[in-house]
Each structure stands twice: as structure tokens, then as C-alpha cells.
Amino acid sequence: MADTATVSAPGLKRSFRWSPGLILGIVLMSLVALTAVVAPLALAGPAETLTPDARQGTSAAHWMGTDDFGRDILARSLVAARLTLLMSLGATAISVLCGVVIGSAVWLAPRWIREPALRLIEAAVAYPSLIFALLIAAILGPGSTTAVVAIGVAGIPGFARLTANLAASVSHRNYVSTARLLGVPGHKIITRHLLPNMAEPLFVMATSSFALSLLEISSLSFVGLGVQSPEYDFGRLLNEGLNSIYAQPLQVVAPSLMLVVTGLGAMLIGDGLAAAADPRGGRRHFAGRKALSRPASLDPAPQALLEVDNLTVTSPAGNQIVKGISFSIRPGEVLGLVGESGSGKSMTAMSVAGLLADELSVRARTLRLDGLDLLTTRDAKALATGIGLVYQDPGTTFNPALRMGPQLTEVSRVHLKKPRRRADTDMVEALDDMSIQNPRLRMGQHPHELSGGMLQRSMIAASTVSQPKLLIADEPTTALDVTVQAEVLRKFRKINKEHGTAILFISHDIGVVQELCDQVLVMYRGQILERLSAADLKAGNVRHPYTQALLAATPSMTETTDRLATAKWQPEDELETTR
Amino acid sequence: MTVTANTAAGPGPQAPQAGVSRRPGSHWAGFALRRAGGLLLSLVMLIVLTFMIVPLIPGDPAQAIAGTDASPETVAQLRGQMGLDDPLPVRFADYVAGLAQLDLGNSFRFNDAVGGIIATKLPYTAQLAAMAIILVLAIAVPVGMAVGILTRGGRRRWLDLAFGNVAGFLASLPGYVTGTLLIVLFSILWRVLPAGGADSLQALILPTVALGIGPACAVARVVRQETATVLEQDFMRTARGRRLPPLRLYLRHALPNLLTSTLTLTGLILASLLGGAIIIETVFNYPGLGNEIVQAIIYRDYPLIQGIILVVGLIATVLNLLVDLVLGIIDPRTLGAKSHG
């Protein structure tokens, strides 16, 4: 119950975003509303008096000409704003009120009524709303009331569904279930808790619905089922204009313009409000990939496979996420990169792979894989076959829409130009090597049909089939169960032993790293604190207090302690000592 | 006729089912059962709704149909002819029995079988709607994807802005206004295209554009948004890690993941296109079901109104089902999901 205040008022915490579209929409709508008030008072004469000046073109007296009965078309178009707006408001009111009442009633109803009622609403929403409108028009006969009722009723299912959905989602929140448990009656829950919480989305939908109602009512008037002569709204005027379109093409322009302006204004407001209510706002920033900024390192280490010198990754806000780190990997070496979340280890791995998000910029003095300059190269084949990649969450790294086989064999087929059959056979072998049962069957399945462990082993198989020089594994076991973890780790070791593939292994789990790696880099806040051999790490032979804290925080299977330690270390003044 | 974004949750990063594979057949069986139930419900709803048109007419339906100045004998005769003297359940049973024999009754106005009238008019409307939906997909998918790709990760802010505004404006134009203005421009001022009829393929151009351009822009905006979302998914990074050529990257990896949401949306739009076609037909004096039902309502030709609403509603239902089927083939996971949410 403590968080009631924050949950019930999510809108207040965000600052409201006044987009240009929203402002333009409000300006347009205000102009139309003002016209609707003023024009009928000021322009009723020219708009409705019959004069002998029929079908005139543009003139100083009649800017948009006159109609068949010598009435000023511009004046009529402006005066029509009143009826059009009133009718749209009426229709929207019907949709919202009836929709909210029906939606709430459905939500309050016992389950055996609620489920079929929801199905019915669902089925009704799927129909073109015009069908309902025509149904009502058929019952009531053409007329302005008909148009309002018809479009209003056609909008009810949408609001009923929104209300029922909102009620269902709001009612799952703690304070509502508490209120229900306390025996607060249903209608009180609705007025006290649900309606205030649903007001924002309902209002947003009502503004969109107003825009739609306006265009649909006008469309009914336009085809002759809505407003009847001598009354006139935008749709009726457009209909009259269309009838004499060859004699007086100008006659359709003014009502069209009014319809466009009003419709656009209403729609801009609806869209603007919807965007302002959507918390996922905010624009992205594209940083570009800054290649080599300084000459290559003067001292290339000839024995290194991967060479990273002075690598920095900068966020769009200008923060350095990786602060000029340097390391190298020898052929066949397994290098672990450990650190807590946000230490920059994944950023390091992804900048080596060249797969960082667009808004991050990468700089380095040297970023080189076996003679291939990773900062400038565009050699897709060398990159794709030279670096194998295994990512963190196997559940999201496979394309859900494609079968396993085509995804796994893609590098072989695209870059190594293997024929499909050959690539398939090789892949089946590689999968088999990774202890995947029924590899042929698996390749015909979609990713969601495989378990996480299987997916990750498939990913390892796929990234090794092209015999890469370096395998980058970015937290490959984090998303997996502990038992599956051990199995996946064994596969990495197997690849390293059998193919001599060098591995850059990223993990936050120092225990996992010390099992697998020859050398370990400890990262903290974008810097490397220390480099250790696995033996040192096992022996607890570490110098830096942060590494000691990390080690102490790792529970061991063999020792029993009363409580688990956490990595407690204040870095502020000690970072200097290691660099 | 606008459709806002986020209609479909999209393929997104939903948690995969961790379990070992389920039999694919069970998906389809459950799907078929659910959809059959939905279809039946829709059919019942349509039949009840169309039946209720006549009983719900305020006052005496026979009087309303015959007109206020009709003689009492005429009204009484009409009442007998329509079976209005029978109790409501009997009339409903008659109505359903007629429908069961595919008999939609006779039009008052033409004194002709409603089924026959609909059969001659339906192909025109179907042709118009089909051409419009082709136009929508042909514009929305390539344009939306191209803009999504070109503006990914915050590139080319100007293009993003220009596209959003132009597409938003076009999407806000109602088809009948677009249609009227198209006639003024292409048929009256420049005299290059016919303003009405359905005699030639040329005559279809303006109605198709008027009907399709708004939805095309609405869908293009959604496709652009979905493209941006898909491009940021982990599996796209995996594909980029394979350093695929751009065409392969976008067409093979991104496009199938856009299709789910795009087709869902197109399915929704298809239904609203049917509605739009009814109005557009009036603009272009196009001899389809739309023109027919508007005339039928004005002349109070109830059997014809009921017949057209039944047929159009049924078509909308079947189209929704087809879209779901296609979705199931493209992305099997949607079969396991409910039809919404």
C-alpha cells in the first residue's frame, strides 16, 4: 500500500511533451472552434440568403464563388463548422459514455458473463465501424440525428474494449486487489480507483475518436445519409459541390479545405496526446563510428592475435564508458574479462566485434586482429569468418521468424560460398559435436522450439564452423541454468583445446572465469584494475582490493559460510594506483 | 480511417518457450477450434443484427417503408407481405430459415432476388478493395522500411521529420475528400483520367488512389516504427555479426519480423477499406455494393440492406480469419497466442 501514490499517478512524474504537431493541432482546432462560434452569427446572411447571383466564380464579393442558389460558398463552409463540430462532439460523447458504462459493467460482471461479453466486444471491434453506422442509418432513416447516433454507436465497442482492458490491468495492481479484499463494493472501486487511473488513456482515445467521428459523420452526410437540406455541414456541402462539379469545380474546394483543416487539427491533437502519454518517447542520437584517430601503435606485438590499444567508448552524453584500455590475446589463449554490470566489459567486447549500438562512438589507437585493422576494415568475409560470436541471451539472439538451419549456416553459405547441402551437412556435424540430439530435426525448427541451453550450444557450433581465429563470448552462460552453464563451459574448453581457438570470455562471475581462462582482466568503471593468471586467481593471489572483494563475494561449493559476502569496496581514491 | 501505432505487440523480444519442442500440430488444432468459435459468434451476431433492423424501425415499419401518404390498404398489404403481423420469434425463425437456404429475399425496389443483385455488384467492390490493398502494401512496406533503415539509430533526422509530417498529413485526409480533389485535378482541370464508372482499368485509378493513399501512409508510418524497433533487436545484431550484405540483412532478417505486425495492421485496414470503399464508390459513381447500399437506405429497401450488410460483414470476418492464417504460417508463435493483447 505504501506505493499507492506513485502507482496511481504515473502521469504526474513525467514532464508533458508539447510537440510541434500537438501545438499546431490545438491552434487549428481553436481556429475552427472560434469559426463555429462566430461564423453563424456574422455570416448567416450571405450563407443562407438566396440571391440571383448563382454559380459565380471567385470575386471580391465572393472569394470562393457562389452555389446554385447564389449563396456564398465560403460563408456556408465557415458556418457549417458549428453543426459539424456539435455533431462530432455528440457522437464522441455517445461512444465514450456508453463504451465506459458497458466496459465497466462487463468487468464487474461474473466470469460466466464477462468472458462471452468480451468475445462479443472483440468480434464487434473487428468489423468496419461503417457497417454499424449503416445499420443504424437503415433503422432510423437518413438525417442528422441518425448520423450522430450511428457514428456514436459505431464507436462504442472500441471504448468498451479499452475500458474493460484498462479495468483488468488496473485492477491487478496491489491497492485495487486490497480494496476488493476489504470488501469495497464494485461500483465504488470503479469510481474511486479505476476511473481516475483510466482517465488519461480514455481521454487520448476520445480525442482520436473525435477526429474519426468528424470525418465519418461528414462521410455519411456526403453520401446523403446524414444532414439533409436545408441544414448543412461540411459533408453536405461537399455533396452539393460534387453534384455540380463540372459546372462549378470551385464549389468543392472550400468544404474540402475546412474538412482537411478540421480533421487534421483533431488528428494532430489525438496523435500528440498519444505520443505525450507514451512513456517510451525520446529521440535517439547517432554518433557514427569514429575510426582511427591517432597513428597505429609504434610497438606492434608480433605474437599477439588480438591487439587492443587505448580503446575508448563514449556515450552520446559524452561520458566515457570505456576509458582507454589496452590488452592483447595470444593465439589459443583464453582471456577472461570480469567485472560487475556497467563496468564496460560488454562494451569492450562489442567494440572489438564492431557491433556497438549506433549512438556510441568508438576510438582506439590500435584495434587489430591478426593483421586486420578492425577500425577501418570493410572486409565482411574476414570479419564474419575471423571472429565467432556468442551472445548473452540465446532467447533473443536468434531470429524468431526463421528456422534454425538457415540462420546457423548463413556465414558458410554467404561468405564461404558453400552450397546449401554442404553447409547443412557441416552444420549437422558441428551441432552433433556440441552434443545436440537430432541435429537434422533441430535445423528445421524455429528457435522458440529449442531450450536455452540448446540454442546457446547451437550458437557456439555456428560460430566455430568457419574456424574463426577469435571467439568472443559475451556473458554466454548468464541466462542459463547452473547445470546447463557447466555444460556450455565444457564446450568452450573443448573448442579451445581441439581447434586452438582464442577466446575472449566476458562474465561477471569470477568463479566461471577462473574455471575456463588462462588470463583474467578485472574491469571496473571502464578501466582495467589488474591482469591475473588463472593460477593466481585460484590461489587467491590478487593485489587489488576490488578483486579481493569480488572473490570474497563468490560463493564456493566446498566451503560453508554463514552468510554471503557482497563486493564492498569504495573505489574513489584507489583507482589511480593501478594505472 | 487512421490506425495508430502499437496495434500489434510485434514479434519483439518475448521470452521464448524454454521447453523442448511441442508438437506443431497441437498449435493448429487449438487455433482452428478458437477461430471456428469466433467465426460462429460473428455469424450469429451478424444475423441477429441484420434481423433487428426492421423490428427496431421507430413506428410502423410498413408505414415507414410505404411512405406517410400511402393508403391504409397498401400498408396492410405490405405488412402481410413482410410478415410483420407474426410474433418476433416466428419472424426470426423465418429469417434464419431463409438464410439457411441462401435466400436473402427480394428487393422491394427492383423486385428481384437480393442474392442476384449482390452477386453482380460484389465483384466491383472486391476489385476496388483488392487494388487498394495492393496499393497500400506496395507503398507502405518499401517506403516504411526504407525510411526506418535510413533513419535507424537517429540518422538523418530531417528525413524522419519530413516523412512523419507528410505521411501523417496524407493519412489524415478522408478518402472522399481526396477523391473529390483528384477528380477536380485529373478529370476536370487536366482531363487525363475518367471521373467515374468502371468501364476501363483507367477508371479504377482514381478510386484506388483515393481509397488507398491514406491507409498506405498510416501503414507506412507503422512499418517505419516497427523497422526501427526490429533493427534494435538482439537477433539483428547477431545478423550484423555475420556481416551480411545489406539486402540480405534487411530482406531476409528484418522483413519477416515486420510482416507479423504489418499484416495484422493490414488486416484491420482491410476491414476499414471495405467501409471506405462504400463511401468512395459514391464519389466516383462506381457501380459497387457501396453505392447500392446507400441507395437502398435512402429508398428503404430493407431486404437489400440486410443482404449487403450480411455479405460485407461475412467478408470482413473471413478476411480477418485469412489474415490470422497467413500470420500463423509466417510466424508460428502467433498461433499459440490469443487473438489480441
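Residues numbered from 1 in each chain as written. Chains lettered and ligands numbered in written order. Predicted model: local features only at pLDDT ≥ 70, side-chain atom pairs only at ≥ 80, totals over all residues.

(A) Quick look at the overall build of chain B. Scanning chain B from terminus to terminus reveals 13 helices and zero strands. The N-to-C order of helical and strand elements in chain B reads α-α-α-α-α-α-α-α-α-α-α-α-α. When contacts within chain B are restricted to residue pairs at least 6 apart in sequence, long-range pairs at least 24 apart make up 75% of them. (Helix = DSSP H or I, 4+ residues; strand = E, 2+ residues; numbered from the N terminus. Contact = placed C-beta atoms within 7 Å.)

(B) Just the domain arrangement of chain A, in detail. Taken domain by domain, chain A holds domain 1 (31-38 + 65-278) and domain 2 (306-566). A straight line from the C-alpha centre of domain 1 of chain A to that of domain 2 of chain A covers 55 Å. (Domains from an automatic or database assignment.)

(C) Quick peek at the interface of chain A and chain B. The interface is formed by 70 residues belonging to chain A together with 73 residues belonging to chain B. Those elements that provide at least two residues to the side of chain A that touches chain B are α6 (111-126), α7 (129-140), α10 (186-223), α11 (234-243), α12 (253-277), α14 (380-386), α15 (394-397) and α17 (410-414) of chain A.

(D) Summary view of the sheet that holds strand β11 (residues 527-533) of chain A. Residues and elements named next belong to chain A. Strand order in this open sheet of six strands is β7-β8-β9-β3-β10-β11, and the pairing throughout is mixed. If you trace the sheet from one side to the other, it starts and ends with β7 (387-390) and β11, each paired once. Direction aside, neighbouring strands of the sheet carry axes that sit 15° apart on average. As defined by bridge partners, β7 adjoins strand β8 (residues 470-474) across four bridges and the pair is classed as parallel. Note on β8: the bridge partner recorded for Val390 is Ala473. Relative to the sheet, helix α20 (residues 452-464) contacts β7 and β8, its axis offset from that of β7 by approximately 175°. (Pairing = 2+ DSSP bridges. Axes fitted to C-alpha atoms, helices over the stretch in contact; angles between N-to-C directions.)

(E) Structural view of the UniProt feature "transmembrane region" (unreviewed entry) in chain B. All names here are of chain B. The UniProt entry lists residues 36-57, 128-150, 162-189, 201-223, 258-284 and 304-330 under the feature "transmembrane region" (unreviewed entry), expressed in the numbering used here. In this annotation, residues 36-57 is assigned 95% helix and 0% strand; the end-to-end C-alpha distance for the span is 33 Å. Annotated as residues 258-284, this span is 96% helix and 0% strand, and its ends, taken at the C-alpha atoms, are 34 Å apart. (UniProt positions renumbered as here; feature names shortened; annotations may be inferred.)

(F) Region of the structure containing the pairing of strand β1 (residues 306-314) of chain A. Residue and element names in this part refer to chain A. The buried fraction of β1 amounts to seven of the nine residues, a majority that puts the element mostly inside the structure. Bridge count for β1 against strand β2 (residues 320-329) is seven bridges, and the pairing is antiparallel. For Thr314, the partnering residue across the bridge sits in β2 and is Gln320. From the end of β1 to the start of β2, which pair antiparallel, there are five residues, and Gly318 there has a positive phi angle of about 95°. Pairing of β1 with strand β5 (residues 366-369) involves four bridges; the strand directions are antiparallel. If you follow Val308 over to β5, its bridge partner there is Leu367. Where β1 lies against strand β4 (residues 361-363), three bridges are found, and the strand directions are antiparallel. Opposite Thr314, over in β4, you have Ser361 as the bridge partner. (Buried ≥ 20, exposed ≤ 12 C-beta atoms within 10 Å, placed from the backbone.)

(G) Representation of the UniProt feature "domain: ABC transmembrane type-1" (unreviewed entry) in chain B. Following the UniProt record, the feature "domain: ABC transmembrane type-1" (unreviewed entry) maps to residues 122-327 of chain B here. The distance separating the terminal C-alpha atoms of residues 122-327 of chain B is 26 Å; by composition the span is 84% helix and 0% strand.

(H) Spatial organisation of the nonpolar core. With 249 residues, the main nonpolar core has Leu504 and Phe505 of chain A as its most contacted residues. The biggest single contributor to this core is helix α10 (residues 246-283) of chain B, with 17 residues. Domain assignment of the residues forming this core places at least three in each of domain 1 (31-38 + 65-278) and domain 2 (306-566) of chain A. Filtering out sequence-adjacent residues up to four positions away, Leu504 of chain A remains in contact with Ile329, Leu335, Leu337, Ala349, Val352, Leu470 and Ile472 of chain A. (Core = buried A, V, L, I, M, F, W, Y, C linked by C-beta atoms within 7 Å.)

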